[in-house]
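# Analysis of the macromolecular model
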Amino acid sequence: MAACSQFEPRDKRFYYRAFWNFALREDLAELDSEFNGVDFGHSNLYENLLLTGGTDVPAIEDRAREETLAFIASKPRLNPNEEAIAPTYMKLAWRAQNTFDEAHALHRATYDIVVSDEPDKDRAIRNVLAYYQESSYAITAKKLDHHRLDAFLYSRSFRNRFPLFNATIWAYHYLQVAVYDPLQAARDLETKKQAVRPILLTYRHYLDQPQTQWTFMPLTAELSPIFAARYPEIANIFDNLHMLHDNISDILASELVPTWEDKREEIYRILNTYYLATADATNPMIVTHAEHRH
Amino acid sequence: MRNVTLRTFRFFALMLLGLLPAPLLALDHDNLDPNRPIGMEDAYAIPKGEIGMEGGVRFNDRREGRTRVTFQPQIIYGAFDNAQIEIQGDLFTEPNSLVGASKSGDLHLGLLYNFNTETLALPAMALRVETDLPTGVNSRGVDTQVTGILTRSFGRLRAHLNAGYTVLGLPKGQERPGAYRAVAAVSYPLGYPDSFRDTLIASVYTRESDLRGQRNHTGVEVGIRHQLTSRLVVDAGLGTEFAGPADRAAVLGTVGLSVGF
């Protein structure tokens, strides 16, 4: 019966094919390699949380975090094979991973467009958003109440026990959303390179000295307000994606969700109920009023 | 505008050469396809919407008879969810001496369907259905093949089982009307946690001989797939058959590449 309940499709989908696909890696390799490092960090964290039961502080704060920092420092030219990094986690919660993969592809597509010499960037961004939203794995583009999503019984387990790695994760999220406005404002490639340099310096500072005093994850509207105002749906998707990352870290770290089967069930419950766009009609976490706290 | 035109031109030029440098999530060296570089595959199809062009050169230095060389061009398309369709047309040296299902120039059509992703309780499972149309040299009848595929991982080591049966449409002379084939293989990503560009693959296989009254071809192969860019994978493999007919392979070798876009 357990085996039958775990029968699930793989459903990998190719990225949106366009001429600008290569712009970030071709033209702004310094930033691209940082994102490749970020891909390693999430998967490495989940695998180590799962295998250590979420209680071994040195295994996460020292060993896994150091592995991640070492990989980031290697400036990888290609994104890593995440199934080789986290083989156990992928088997536990593939549906959640595929959700991440598609949202990360949206992230990458928007960077490529912004960096490229595509003449109609606005149309291109709206096209990739439409392609993303065709997927049954698309995260909702509605604004979610992140504070309520951070108030489950197990919430904050991860950040309370592993503040250094949590601050490292939030540093990734800072980098992922902070680059949009400077990249969009810069007129040519050389200016774009100059524009992201201070952000990269800040990001590396955050990796060296994790900002454990932060109380909430970085949000797109705070770090790239122009991008968020122009593309509120995409900003919501990215913020929701990053909140989902935090929820899953908490589930994997918490003793309140004790077994692997329990963790899988809870990950899929929040994914299906609160995060996927397919739940929009019934999602109680969608913010319907003007006041949204952050 | 000129930059867009130049980028467009460069896109097509590099795509044709297989040298396009790397969008994300493109061709995956860890997604194993048959003959790239050895005769096994995993249970996963390429992503929906992806197009792959694969090609290789395989030599078979036989214990009796001349060395046979095969050119293996192939197009793969992720046509549906969890399914890929394939078009292939192998070209052999000495095409008039071939026996069995594979003839030089046959049009080979295939469909691989993956039923599920691997979970903690279940291996990944897939079914492959193929047909060879008699478009090649000395080819008669439509040959069909069905293969079941399982993939199960143990940590980073992945184990694969392939079991298939081929039915010849119009066997000639001593040719078997049908033949089974079984492969057990493992694959392992090299370089973790510093590098994710190489996958090592090893297999042991047995298959019924093409002619009646002969022993099974039984051998081992080992290969490596290297991710050169996100969309370009190169591969190389070596093998030998330690049991089988007198003309079985002394050394098998393959080099190839795959481009995804």
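Source: prediction; values computed, not measured.

### Some words on the interface of chain A and chain B
Listed as interface residues are 45 residues of chain A and, on the opposing side, 50 residues of chain B. Between chain A and chain B lies a buried interface of about 4,300 Å² when both sides are counted; carbon and sulfur atoms form 62% of it. For the pair chain A and chain B, the interface holds one salt bridge. Between Lys-91 of chain A and Glu-118 of chain B there is a salt bridge whose closest N-O contact spans 3.7 Å. Put simply, chain A and chain B have 14 residue pairs in polar contact (both at pLDDT 80 or more) between them. Sorting the residues of the side of chain A that touches chain B by element identifies helix H2 (23–27), helix H3 (29–52), helix H4 (57–73), helix H5 (82–85), helix H6 (87–92), helix H7 (94–115) and helix H17 (260–275) of chain A as the ones contributing at least two each.

### Section: the nonpolar core
Formed by 87 residues in total, the largest nonpolar core has its most connected members in Leu-31, Tyr-89 and Ile-267 of chain A. Ranked by size, the runner-up nonpolar core spans nine residues in total, among them Leu-32, Met-40, Val-183 and Ile-201 of chain B.

### Digging into helix H13 (residues 189–208) of chain A
Residues and elements named next belong to chain A. With 20 residues, H13 should reach 28 Å at 1.5 Å per residue; the first-to-last C-alpha distance of 28 Å fits that figure. Helix geometry: H13 is bent most strongly at Arg-197, by close to 25°, with proline Pro-198 lying one to four residues after it. Those residues of H13 that fall on the buried side of the exposure criterion are Lys-192, Val-196, Ile-199, Leu-200, Tyr-203, Tyr-206 and Leu-207. Those residues of H13 that are buried are in contact with H3, H4, H7, helix H11 (163–178) and helix H12 (180–185).

### Here's the deal with a nonpolar patch on the surface
Residues and elements named next belong to chain B. Together, Phe-59, Phe-154, Leu-157, Val-186, Tyr-188, Leu-190, Leu-200, Val-222, Ile-224, Leu-238 and Val-251 make up an exposed nonpolar region whose accessible area comes to about 850 Å². Within the residue set of the nonpolar patch, elements represented by two or more residues are strand S10 (178–190) and strand S12 (217–229). At three residues, the largest contribution of residues to the nonpolar patch is made by S10. If you trace the backbone, Ile-224 turns up in strand S12. Accessibility expressed as a relative area gives 31% for Ile-224, which makes it partly exposed.

### Side note on the environment of Thr-131 of chain B
Residues and elements named next belong to chain B. Relative to the helices and strands, Thr-131 is located in strand S7 (residues 124–133). Placed 36 residues apart in sequence, Thr-131 and Val-167 show a C-alpha to C-alpha distance of 9.5 Å. Those residues in contact with Thr-131 that sit more than four places away from it in its chain are Leu-107, His-108, Leu-109, Val-142, Asp-143 and Thr-144.

### Brief notes about the pattern of salt bridges
Summed over all chains, the structure comprises 33 salt bridges over all chains. Ionic pairing is found between Asp-120 of chain A and Arg-123 of chain A, a salt bridge with its closest N-O pair at 3.5 Å. Judged by its relative accessible area of 33%, Asp-120 of chain A is partly exposed. Asp-210 of chain B serves as the salt-bridge partner of Arg-207 of chain B, at 3.6 Å between the closest nitrogen and oxygen.

About the thresholds
- Residues numbered from 1 in each chain as written.
- Chains lettered and ligands numbered in written order.
- Predicted model: local features only at pLDDT ≥ 70, side-chain atom pairs only at ≥ 80, totals over all residues.
- Heavy atoms only, no water.
- Contact = heavy atoms within 4.5 Å.
- Buried area = accessible area lost by both parts, 1.4 Å probe.
- Salt bridge = Lys/Arg side-chain N within 4 Å of Asp/Glu carboxyl O.
- Polar contact = N/O pair within 3.5 Å; in protein donor to acceptor, adjacent residues only side chain to side chain.
- Helix = DSSP H or I, 4+ residues; strand = E, 2+ residues; numbered from the N terminus.
- Core = buried A, V, L, I, M, F, W, Y, C linked by side-chain atoms within 4.5 Å.
- Buried < 20%, exposed > 50% of the residue type's maximum accessible area, 1.4 Å probe, protein only.
- Expected span 1.5 Å × (residues − 1).
- Bend = angle between axes of the 7 residues up to and from the residue.
- Patch = residues over 30% accessible without salt bridge, like charges linked within 9 Å, V, L, I, M, F, W, Y side chains within 5 Å.
- Areas by Shrake-Rupley, 256 points an atom, 1.4 Å probe, with all protein chains shown as cover.

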